[in-house]
Amino acid sequence: MLWKKGWFRTISILCIATLLTGAFSGCSGKTSQSSTGEQSTKNSSLAGQSTPVSFSWIVTYSGEQPSDNNSVIQELEKKTNTKISIQWTPMISYGDKYNVLLSSGQLPDVFLVTDLKSSAYLDAVEGNQFWNLTSYLSDSSEFPNFKNFNSVTLKNTQTDGKNYILPRERVIKRRMVCWRADWAKKAGLDAPDTIDKLYKMAKTFAAGDFDGNGKKDTIGLLLGTVSDGGGQTIDCLPELTVANGSLNTWGVRDGKVVSYVTTPEYMNTIKLLRNMHSEGIISDDFAITKTTSQVSEYIDKERAGLWLTYTIPGLQDPLYISKKKNDPNLKRSDLYGYTFMKNSSGQPRIPAETGFNCGYAISKTSVKDEAKLKQILKVMDYVCSTEGQNLVSLGINEKHFQKTGDTTAKVLNKDLFSAEVDAKTNQMSMAGGQIYDIVDDSLGEQLAKDRKQYATSDLISDASIPLISQTYATKNTSLNKGYDTALFKYILGQTNDSDFKAAIQQWKTDGGDQIAKEYTEAYQKTQSK
């Protein structure tokens, strides 16, 4: 819990998980489709080359292995005047292959990096195995579409202040609160976008009988748990700590990197959860309620109406389908609502995601000179254009997908999309801010828009993401396990304030303070450049 939440906590696993294979969109600045398309054709097609540029590219997939005549790859080669040798590798086995390839030094030209903090990757960087891409990413004259990368993503993927990968961008504004809109309407409650409003809704739901079963058995605030590399921790906890004024796991205060567990705002948040449990608002079973399986069951059985989440139930949600049978006109927005958190003054305070899911490095052992490097980068620049993003992420317009609005689209042929794009070519996507959103209804369309609209000050980043700590690498598993147990016991009322404070001190003594010291040294090093 203390070390990495969201993406980075289990990034080496997430990079090969099938749940991350849909068409994702980032939050970078917009460029008109026509101007970006013209730039990509002029600068990235390599049209001046009489012979197509050839290079190898390792890409992960799930399901059936893509065909050699994948039409999306063929279209990409046509657009960029290239011959790309795709090394399709199953996601489930890439972790093992990754380590073997890195240790052997025999890498393809374009190599998927799964963990920026692993010793294998850091040793490869130190050993000069990858090209430093920092200057090329900022060269808008030669690579005009790299500007579509989100600056937060580029910062988070740096190693010692330098960019060695082209990140696969993901949405930065994701974590939110979801609730039963029909229950809230019946109770006359506003969106729970502050800690006070969330508490009020949770208490109202727990005290009422909104599911109409005649029992007082509703969980006011449904908390789920996820693995944090050591034990189980509260999923999306930074939503509450950040809204309450604390940090997104790690942050900078007075020029030093500190953990949120050492802040008074964090302690206030945990005490609130403890009080909510004592009032019967939070379930006795929250510590064993798995986000990946049990949270959705509680929602579908109407045991809960308020929860922290990354997503809202879709059109195939069992509860929505059941309700719609009785009311054919029921919209998803009639049943579910969502909001992003604010502080007590009404200012948005949202824990930012890392903004990426792995990324592509270019091997120096395979790509030996800058001329070949630039040829490959021109292809990557095209992939980062509006046209290129949508080609690899959604397929060919009017074949795999069809636009339904300025920024939305629908899948035309689900079987073809599954065979060629989903968990296949969309793994080649990098900058993602111009990918059309595949949406089911007006609620999904609004959520997609809201995720792309924010001020920089709205998002609170985890300061540790681009930083390195050797103590973190060796001790986070044991530290997390011990602390998570203490946290759950405290919220459940099994220990007192002194016990919990002692657990925090123990975490600091066992390695937390040393990690903070190493992160601070790494942070100050980046500030001096």
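Please read all numbers here as calculations on a predicted model, not as lab measurements.

The next thing to look at is the domain arrangement of the chain. Segmenting the chain into domains produces domain 1 (40–171 + 355–435) and domain 2 (176–351 + 457–527). Distance between the C-alpha centres of domain 1 and domain 2: 34 Å. Across the contact, nine residues belong to domain 1 and nine residues belong to domain 2. Of the roughly 720 Å² buried between domain 1 and domain 2, counting both surfaces, carbon and sulfur atoms make up 59%. Three residues stand out in domain 1 for area buried against domain 2, namely Lys117, Asn156 and Asp160, and they jointly supply 63% of the buried area on that side. Counting across the domain 1 and domain 2 interface gives three residue pairs in polar contact (both at pLDDT 80 or more). Among the elements that take part in the side of domain 1 that touches domain 2, helix H8 (residues 151–156) stands out by supplying three residues, more than any other. Residues that form the side of domain 1 that touches domain 2 fall into these classes: four nonpolar, two polar and three charged.

Across its 13 residues, helix H10 (residues 195–207) extends 18 Å between first and last C-alpha, which sits within 8% of the 18 Å expected from 1.5 Å per residue. For H10, the complete set of buried residues consists of Ile195, Leu198, Met201, Ala202, Phe205 and Ala206. The arc enclosing the buried residues of H10, seen along the axis, measures out at 130°, which places them on a common side. Opposite the packed face of H10, turned more than 90 degrees from it, sit the exposed residues Asp196, Lys200 and Ala207. Contacts from the buried residues of H10 go to strand E7 (176–180), helix H9 (181–187), helix H11 (237–243), helix H12 (264–278) and strand E12 (306–309).

The next subject is the sheet that holds strand E13 (residues 336–339). The antiparallel open sheet is built from three strands, whose spatial order is E12-E7-E13. The open sheet has two edge strands with one neighbour each: E12 and E13. With direction set aside, neighbouring strand axes in the sheet form an average angle of 25°. The pairing of E7 with E13 spans four bridges and is classified as antiparallel.

The rules we used
- Residues numbered from 1 in each chain as written.
- Predicted model: local features only at pLDDT ≥ 70, side-chain atom pairs only at ≥ 80, totals over all residues.
- Heavy atoms only, no water.
- Domains from an automatic or database assignment.
- Contact = heavy atoms within 4.5 Å.
- Buried area = accessible area lost by both parts, 1.4 Å probe.
- Polar contact = N/O pair within 3.5 Å; in protein donor to acceptor, adjacent residues only side chain to side chain.
- Helix = DSSP H or I, 4+ residues; strand = E, 2+ residues; numbered from the N terminus.
- Nonpolar A, V, L, I, M, F, W, Y, C, P; charged D, E, K, R; others polar.
- Expected span 1.5 Å × (residues − 1).
- Buried < 20%, exposed > 50% of the residue type's maximum accessible area, 1.4 Å probe, protein only.
- Arc of directions from axis to C-beta.
- Pairing = 2+ DSSP bridges.
- Axes fitted to C-alpha atoms, helices over the stretch in contact; angles between N-to-C directions.

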